[in-house]
Amino acid sequence: MKVYKLIEGIILQHGSEGYMLDDDWDELINRDGLYQYLIERIALSKSAIGENALRLIEESLLPPIGKQEVWAAGVTYLRSREARMEESADSGAADLYDKVYEADRPELFFKSMPHRVAGHNQQLYIRRDSSWNVPEPELTLFINSKGSIEGYTVGNDMSSRSIEGENALYLPQAKIFERSAALGPCLYVPEEQIQRDTTIRMSIYRNNQQVYSDETSISRMKRSLPELADYLFRECDFTQGCYLMTGTCLVPPNDFTLRPGDVISIGITGIGELVNTVSYKP
Ligand code: DO4
Ligand code: MG
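Note that the structure is predicted; figures quoted are calculated from it, not measured. (Residues numbered from 1 in each chain as written. Chains lettered and ligands numbered in written order. Predicted model: local features only at pLDDT ≥ 70, side-chain atom pairs only at ≥ 80, totals over all residues. Heavy atoms only, no water.)

### Some remarks on unusual backbone geometry
With an omega of 0°, the peptide bond running from Gly184 to Pro185 counts as cis. With respect to the helices and strands, the residue Pro185 is situated in strand 13 (residues 181–188). In this structure, Asn121 takes a positive phi of about 75° despite not being glycine. Here Asn121 lies in the loop between strand 7 (117–118) and strand 8 (123–126). For Asn121, a relative accessible area of 58% corresponds to the exposed category. Despite not being glycine, Asn208 shows a phi value in the positive range, around 65°. Mapped onto the elements, Asn208 comes out in the loop between strand 14 (199–206) and strand 15 (209–217). (Helix = DSSP H or I, 4+ residues; strand = E, 2+ residues; numbered from the N terminus. Buried < 20%, exposed > 50% of the residue type's maximum accessible area, 1.4 Å probe, protein only.)

As structure tokens, then:
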């Protein structure tokens with residue numbers, strides 16, 4: 001089941017059918033047994049809107065977020081640990097990443113308020129004061145206010161590697177700026193939890209040429225998804241639920257940096273494709 005947030009209303013997509021709802025986003029998604037609830041809503045719905053659903057989704061899609069905070073986990077894959085140790089070698093912080101990868105407590109950090117989040121086909125920004133900018137493709141959890149993982153989306157944790165590499169204490173500046181997070185295209189609510197062998201892939205295009213492409217499986221993540229959610233909920237309440245990006249598993253080569261005009265496409269099997277164009281903040 002896919003839940004799309006539109007400028008006016010919400011579309012549930014189940015199989016090839018679409019159903020329009022006029023619910024409040026936060027009330028609709030923040031519940032236990034979300035999949036079952038959405039199935040019941042479809043059964044009560046008078047009619048499917050068929051092909052119109054696709055047109056509406058294309059024309060008026062928003063990121064699948066209301067009042068939820070966006071958090072992120074870091075160094076959950078070996079590839080991220082390696083990349084971070086390389087970029088921070090000169091600052092002397094390489095050890096931090098090694099330690100956090102092995103530690104019981106995961107790295108969790110605040111990523112974004114909802115108003116800084118871009119949706120599918122919207123622009124993402126890179127910092128002008130950063131010389132090394134990368135996208136981070138991340139499976140992103142929707143966790144309800146009781147701490148239960150009820151859905152998933154595709155996330156992009158845009159990052160400045162030059163700022164983080166200069167000093168690990170600059171992490172918030174490397175991570176939090178206008179349009180530094182993307183979520184979408186939908187909230188995916190499966191009947192069962194997401195499969196461990198789910199594939200995540202990313203391609204980057206410059207002047208219509210592919211300049212990067214790779215893929216991996218979320219089974220390479222060192223930690224379990226409930227473990228990350230449990231730590232996040234230890235001493236924080238999220239009355240509307242929250243989103244949690246689960247860490248990057250793909251890192252472009254060290255000589256790669258994003259430029260304005262680049263197009264980033266991130267896909268996760270079952271969820272869909274999140275596509276964004278890069279620019280500077282106007
Ligand atoms: O440790 C800094 C951030 C790590 C991160 O964002 C990631 O591994 O995805
Ligand atoms: Mg990340």
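### Remarks on the coordination of the magnesium ion (ligand 2)
Those protein atoms acting as donors to the magnesium ion (ligand 2) are Glu136 (OE), Glu138 (OE) and Asp157 (OD), and they sit at 2.0 to 2.1 Å. Mapping the donors of the magnesium ion (ligand 2) onto the primary sequence yields the spacing E-x1-E-x18-D. Owing to a relative accessible area of 5%, Glu136 belongs among the buried residues under this scheme. (Donors = N, O, S within 2.8 Å, 3.2 Å for Na, K, Ca; no water.)

### Some words on the sheet that holds strand 17 (residues 263–268)
The five strands are arranged 8-18-17-14-15 in an open sheet whose pairing can be described as mixed. Edge positions in the sheet fall to strand 8 and strand 15, since each has one partner strand and no second. Within this sheet the neighbouring strands show an average axis-to-axis angle of 25°, counted without direction. Bridge count between strand 17 and strand 18 (residues 272–280): six bridges; the pairing is antiparallel. Within strand 18, the residue paired with Ile264 across the bridge is Asn276. (Pairing = 2+ DSSP bridges. Axes fitted to C-alpha atoms, helices over the stretch in contact; angles between N-to-C directions.)

### Let's talk about the layout of surface pockets
By volume, the largest pocket is sized at about 260 Å³. If you go around the largest pocket, you meet 14 residues; those closest to its centre are Ile149, Tyr152, Glu192, Gln193 and Ile194. Where the lining of the largest pocket is concerned, the elements lending two or more residues are strand 11 (149–157) and helix 8 (225–232). With three residues, strand 11 is the single largest residue contributor to the lining of the largest pocket. Classifying every residue of the lining of the largest pocket gives eight nonpolar, two polar and four charged. (1 Å grid on protein atoms, 1.4 Å probe; cavity = no way out; pocket = protein on both sides within 12 Å on 5 of 7 lines; lining within 4 Å. Points joined across faces, edges and corners; volume = space filled by probe spheres on them. Nonpolar A, V, L, I, M, F, W, Y, C, P; charged D, E, K, R; others polar.)

### Here's the deal with the domain arrangement of the protein chain
Domain assignment breaks the protein chain into domain 1 (2–60) and domain 2 (69–280). With centres defined by C-alpha atoms, the gap from domain 1 to domain 2 works out at 26 Å. At the interface, 13 residues of domain 1 touch 19 residues of domain 2. Both sides together, the interface formed by domain 1 and domain 2 hides about 1,300 Å², and carbon and sulfur atoms give 55% of it. The largest per-residue losses of area from domain 1 upon contact with domain 2 belong to Lys2, Asn30 and Tyr35, which jointly make up 42% of the total buried on that side. Counting across the domain 1 and domain 2 interface gives one salt bridge. (Domains from an automatic or database assignment. Contact = heavy atoms within 4.5 Å. Buried area = accessible area lost by both parts, 1.4 Å probe. Salt bridge = Lys/Arg side-chain N within 4 Å of Asp/Glu carboxyl O.)

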